[in-house]
Amino acid sequence: MRFFSVVVTEFSKLRRSRVTWVSLAAYTFMIVMAGFFMWMMKNPSAAASLGLLGQKANFAVGGQAVDWPSFLTFVVEMGGIGGLIMCSVIMAFVFGREYTEGTAKNMLALPIPRSRFVLAKIIVSAAWLAALTLWIVPVTCLVGSMVGLPGLTTGLLLPAAAKLFVLALLSLCCAVLVAWVAVETRGYFAPLGFSIFTLVLANVFGRTGWGPWVPWTIVGLYSGAAGPEATLGWGSFVVIAATFLIGTALTIRHELSADNGQ
Amino acid sequence: MSGDAAILASGLSKNYGSVRAVVNIDLDVRRGEIYGFLGRNGAGKTTTIRMLLGLVRPSAGEIAMLGSSLEKNRAGVLSRVGYFVESAAAYPNLTVTENLRVQQRLTGAASKSVDDVIELLKLEEYRHRRAGRLSLGNRQRLSLARALVHSPELLILDEPANGLDPAGIVEIRALLRRLADERGVTIFMSSHLLDEVEHLADRIGIVHMGSLMEEVDYRELQEKGRLAIEIEVDDVARAERVLRDELGFVDLTRSGEASLRVSDRGAKAAPIARALVGAGISLQRLIPLEEDLERHFMRLTGGGS
């Protein structure tokens, strides 16, 4: 059986799936919120008169430049954490739905090596995340223009877009462990819980010197959410690659060896 | 390995911790036959089917299907097998056609086969309806259609009548019979419905508490079943002596405080009545029993007389 057919089939399973549209809406909403924040910074008195800006927020907003570099930095930071969450949701859905919807037993008894399903699902998740990332580039341009930010150039936009794609890739590598939890626990609730746990873990380790060695923290550090001073060495990327390989191997091993007790 | 066997399993066992779900089952399903795998809920039917499909690893035993070892040639064997296990499952957001298209692509079947099975299972009017919006009966039809997309030589079906209305049951029964008779498809179907198995199966395996109690040809069972006669008398011990000594019966079992069952081949009601009355025994009832599948099953599985 050609691997291509398995990949095409995995794509077709996404058709008319609500999660596809929900993820698109969530990503769009994330950029709109970033734009809204920019608008508040640009118009603090109007925001305050609408009750949108408290004293604390006023203090936080103060001193921030309201321009494209700030907006793009903000989008990339949100894309780091948002991408990690979204990628986890996608992985939990793509892998967990087969068990929740009772189709895993149909899939696993097919005359196809089970590892191909795992790899095809990872490819579909990656393509989905890439499409979402691609989508937010024009949305960012549109929202920034609507807010009236000055000075957009391709020299600003392209590095930010590239950084978003790298973040998507890093998120994907981390989220493969979510796929493993989904097949181990046969559903999508436990992997979603696991995702929340990893975000807490990322936050905790982000405050320590261990951050560059913890996969989920690495995503945050790369996005700049931990501050511009955070730097990553090659070791961090090795950790991310190892996470991907371990997650993929564990998922394949489970599908190959475990009884399907669905 | 028998070349005539569609399924040949030997010493098949599955343990979940200390629970013995399937105990040392041997199966020999011949090509072209409909084999009913009958048992109560929890008897081990689904676990056995899961082992046949490679969804559960046996704790012991070997499986060969269509002449090949499942362990050594999993893909080759399963490419010739159609199946559905337990519940009717489909991708709820995909239409009937799209669900079948998924199966068609993954099994490498011809594109036209999707339309063929839709027609075969009478799903035409639902072809564009999402699977999540189908009734349970139509979901069951979809599952059966999915199992048939790649024209399998062997069908392994777990409770195929579940969720179908009476008309649907008759239709599916006729379809399975046709598949076996006209296309030579071997059908291994589990059921807890005696009626379903009785109407369809050529041979029946009765499974109880994980063990295969008996493998029986349905026609043989019908022949055997005509031979029992149950009598109710005032003195069972004396009646037993009379039947043994005067009529030479050997297969006598007490089926109650005042009743006795004569299971000898050739036992007839009239000589029994004459002998008992002649011996001065009060004969209260004499009932020729036809042991149908239900009685046979209940007797084997300890569920009644």
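How each quantity is defined
- Once a new chain begins, its residue numbering starts again from 1 and follows that chain's sequence as written.
- Starting at A for chains and at 1 for ligands, labels are handed out in the order in which the entities are written.
- Per-residue local features of the predicted model are confined to residues with pLDDT of at least 70, and side-chain atom pairs are confined, for both listing and counting, to 80 or more; whole-chain, interface and lining totals are unaffected and use all residues.
- Comment: elements are numbered from the N terminus, with helices defined as DSSP H or I runs of at least four residues and strands as E runs of at least two.
- With C-beta atoms placed from the backbone, a residue is buried if 20 or more other C-beta atoms are within 10 Å of its own, exposed if 12 or fewer are, and partly exposed between those counts.
- Any residue pair is listed as a contact if its two C-beta atoms, each placed from the backbone, are within 7 Å.
- What the globule rule says is 2.2 Å times the number of residues to the power 0.38, and the radius of gyration is computed from C-alpha atoms.
- By the convention adopted, Pro, Cys, Tyr, Trp, Phe, Met, Ile, Leu, Val and Ala count as nonpolar, Lys, Arg, Asp and Glu as charged, and the other residues, Gly among them, as polar.
- For two strands to be treated as a pair, DSSP must find no fewer than two bridges joining them.
- As a rule, the C-alpha atoms of each element are fitted with a line to give its axis, helices using only the stretch in contact, and angles between N-to-C directions run from 0 to 180 degrees.
- Residue ranges assigned to the domains are those given by an automatic or database domain assignment.
- The scheme is simple: roughly parallel for angles under 35 degrees, roughly antiparallel for over 145, roughly perpendicular for 65 to 115, oblique for anything else.
- For a crossing to be left-handed, the near helix must be turned anticlockwise from the far one by less than a right angle; the clockwise case is right-handed.
- The crossover handedness rule: strands pointing away from the viewer, path from first strand over the helix to second strand clockwise, crossover right-handed.
- For every residue, the predictor reports its confidence as pLDDT, a number between 0 and 100.
- Put simply, a nonpolar core is a cluster of buried Ala, Val, Leu, Ile, Met, Phe, Trp, Tyr and Cys residues tied together by C-beta atoms within 7 Å.

Asks: Help me out: how do you make sense of the overall build of chain B in this one?
Replies: If you tally the helices and strands in chain B, you get 11 helices and 14 strands. In terms of principal-axis extent, the alpha carbons of chain B reach across some 75 × 40 × 35 Å. For chain B, buried positions account for 43% of its 305 residues. Restricting the contact set of chain B to residue pairs at least 6 apart, pairs at least 24 apart contribute 70%.

Asks: Would you explain the overall build of chain A in this entry?
Replies: Looking only at helices and strands, chain A has 11 helices and zero strands in total. Helices and strands appear in chain A in the N-to-C order α-α-α-α-α-α-α-α-α-α-α. Against the compact-globule benchmark of 18 Å for 262 residues, chain A has a radius of gyration of 20 Å, which places it among compact chains. Dimensions of chain A, computed from C-alpha atoms along their principal axes, come out at roughly 65 × 40 × 35 Å. Looking at chain A residue by residue over its 262 residues, the buried ones come to 47%. Pairs at least 24 apart in sequence give 78% of the contacts found in chain A among residues at least 6 apart.

Asks: In this structure, what is going on with the interface of chain B and chain A? I would like to understand it.
Replies: By a widely used convention, the size of an interface equals the accessible area lost when the partners come together. Tallying the contact residues gives 23 residues for chain B and 22 residues for chain A. At the level of elements, helix H2 (74-78) and helix H3 (96-107) of chain B are the ones that each hand at least two residues to the side of chain B that touches chain A. Top element by residues in the side of chain B that touches chain A is H3 of chain B. It accounts for five residues. For the side of chain B that touches chain A, a count of residues per class yields 14 nonpolar, six polar and three charged.

Asks: Whenever I open this one, the sheet that holds strand S11 (residues 228-233) of chain B confuses me. Can you help?
Replies: Strand pairs in the sheet, formed through backbone hydrogen bonds, run parallel or antiparallel to each other. All names here are of chain B. As summarised here, the arrangement of the four strands in space is S12-S13-S11-S14, forming an open sheet in which the pairing is antiparallel. Two strands bound the open sheet, and with one partner strand each, they are strand S12 (252-254) and strand S14 (283-289). Geometrically, the sheet is characterised by an average inter-axis angle of 20 degrees between neighbouring strands, direction not taken into account. Bridge count between S11 and strand S13 (residues 259-262): four bridges; the pairing is antiparallel. Counterpart to glutamate 232 in the pairing with S13 is serine 259. Each of S11, S13 and S14 touches helix H10 (residues 269-278); the most contacted strand, S14, lies at about 160 degrees to it.

Asks: Would you explain the domain arrangement of chain B in this entry?
Replies: Its domain assignment divides chain B into domain 1 (5-217) and domain 2 (227-289). Taking only C-alpha atoms, the centre of domain 1 of chain B and the centre of domain 2 of chain B are 45 Å apart.

Asks: Help me out: how do you make sense of the environment of alanine 75 of chain B in this one?
Replies: Position of alanine 75 of chain B among the secondary structure elements: in helix H2. Residues contacting alanine 75 of chain B, with those up to four places away along its chain left out, are Pro111 and Ile112 of chain A.

Asks: Just checking my understanding: could you explain the packing of helix H5 (residues 68-100) of chain A against helix H7 (residues 114-147) of chain A for this structure?
Replies: All names here are of chain A. For the pair H5 and H7, the least separation of the axes is 10 Å and the interaxial angle reads 150 degrees. The angle between H5 and H7 falls in the class roughly antiparallel. Viewed along their axes, H5 and H7 form a crossing whose handedness is right-handed. Within the contact between the two elements, H5 uses Trp68, Phe71, Val75, Met86, Cys87, Ile90, Met91, Val94 and Phe95 and H7 uses Lys121, Val124, Ser125, Trp128, Leu129, Leu132, Thr140 and Gly144. Its residues placed into classes, the contact of H5 with H7 shows 13 nonpolar, three polar and one charged.

Asks: When you look at the pairing of strand S7 (residues 154-158) of chain B in this model, what are you seeing that I'm missing?
Replies: A regular strand places its side chains on the two faces of the sheet in alternate fashion. Residue and element names in this part refer to chain B. Counting buried residues in S7 gives five out of five residues, a clear majority hidden from the surface. When S7 meets strand S8 (residues 186-191), the two strands line up parallel, connected through five bridges. Its bridge partner being in S8, isoleucine 156 is matched across the sheet by phenylalanine 188. Note on the crossover from S7 through helix H6 (residues 166-183) to S8: the handedness is right-handed.

Asks: Would you explain unusual backbone geometry in this entry?
Replies: Excluding glycine, residues mostly have negative phi values, and the peptide bonds linking residues are mostly trans. Residue and element names in this part refer to chain B. Here the phi dihedral of glutamate 159 falls at roughly 50 degrees; this positive angle occurs in a residue that is not glycine. Of note, methionine 209 is a non-glycine position whose phi angle comes to about 50 degrees, a positive value. With respect to the element layout, methionine 209 can be found in the loop between strand S9 (203-208) and strand S10 (211-217). Methionine 209 sits in the partly exposed class, given 16 other C-beta atoms within 10 Å.

Asks: Please explain the confidence of the model for chain B as it appears in this structure.
Replies: Low-pLDDT portions of the prediction should not be read for the details of their coordinates. All names here are of chain B. Here chain B averages 88 in pLDDT, while 95% of its residues score no lower than 70. Between the elements of chain B, mean pLDDT differs from a low of 67, seen in helix H8 (residues 218-225), to a high of 95, seen in strand S4 (residues 60-65). The ipTM assigned to the predicted complex is 0.83, against a pTM of 0.83.

Asks: Even after reading the chapter, I still don't get the sheet that holds strand S1 (residues 5-16) of chain B, so can you show me in this structure?
Replies: All names here are of chain B. The strand order across the open sheet built from four strands is S2-S1-S4-S5, with neighbouring strands paired in antiparallel fashion. Each edge of the sheet is formed by a strand with only one pairing partner; in this case those strands are strand S2 (19-30) and strand S5 (68-69). Where S4 and S5 come together, two bridges link them in antiparallel fashion. Within S5, the position partnered with alanine 64 by the bridge is serine 69. Lying on the sheet, helix H1 (residues 45-52) is in contact with S1, S2 and S4; it crosses S1 at an angle near 115 degrees.

Asks: What should I look at first to understand H1 of chain B in this one?
Replies: For an α-helix, the turn length of 3.6 residues means that residues three or four places apart are oriented alike. Within H1 of chain B, eight of the eight residues are buried, which leaves it mostly tucked inside the rest of the structure. Those residues of H1 of chain B that sit buried are Lys45, Thr46, Thr47, Thr48, Ile49, Arg50, Met51 and Leu52 of chain B.

Asks: What is the right way to look at the environment of methionine 86 of chain A in this model?
Replies: All names here are of chain A. Positionally, methionine 86 belongs in helix H5. A C-alpha to C-alpha distance of 8.3 Å links methionine 86 and tyrosine 27, two positions 59 residues apart in sequence. Ignoring anything within four residues of it in the chain, the contact list for methionine 86 reads Ser23, Ala26, Tyr27, Leu129 and Leu132.

Asks: In this structure, what is going on with the nonpolar core? I would like to understand it.
Replies: Side chains of a nonpolar character, in soluble globular proteins, are inclined to be buried together. Judged by nonpolar contacts, the single largest core of 158 residues is most densely connected at Met91 of chain A together with Met65, Ala145, Ile156 and Ile187 of chain B. Among the elements that take part in this core, H5 of chain A stands out by supplying 19 residues, more than any other. In this structure isoleucine 187 of chain B touches Ile34, Tyr35, Leu155, Leu157, Leu176, Leu179 and Ala180 of chain B, once residues within four positions along its chain are discounted.

Asks: Where do I start with the environment of serine 115 of chain A in this structure?
Replies: Residues and elements named next belong to chain A. For serine 115, the location among the structural elements is in helix H7. Looking at serine 115, the number of C-beta atoms within 10 Å reads 16, which means it is partly exposed. Taking the C-alpha atoms as reference points, serine 115 and methionine 91, separated by 24 residues in sequence, lie 16 Å from one another. Excluding anything up to four places from it in sequence, serine 115 contacts Ile252 and Leu256.

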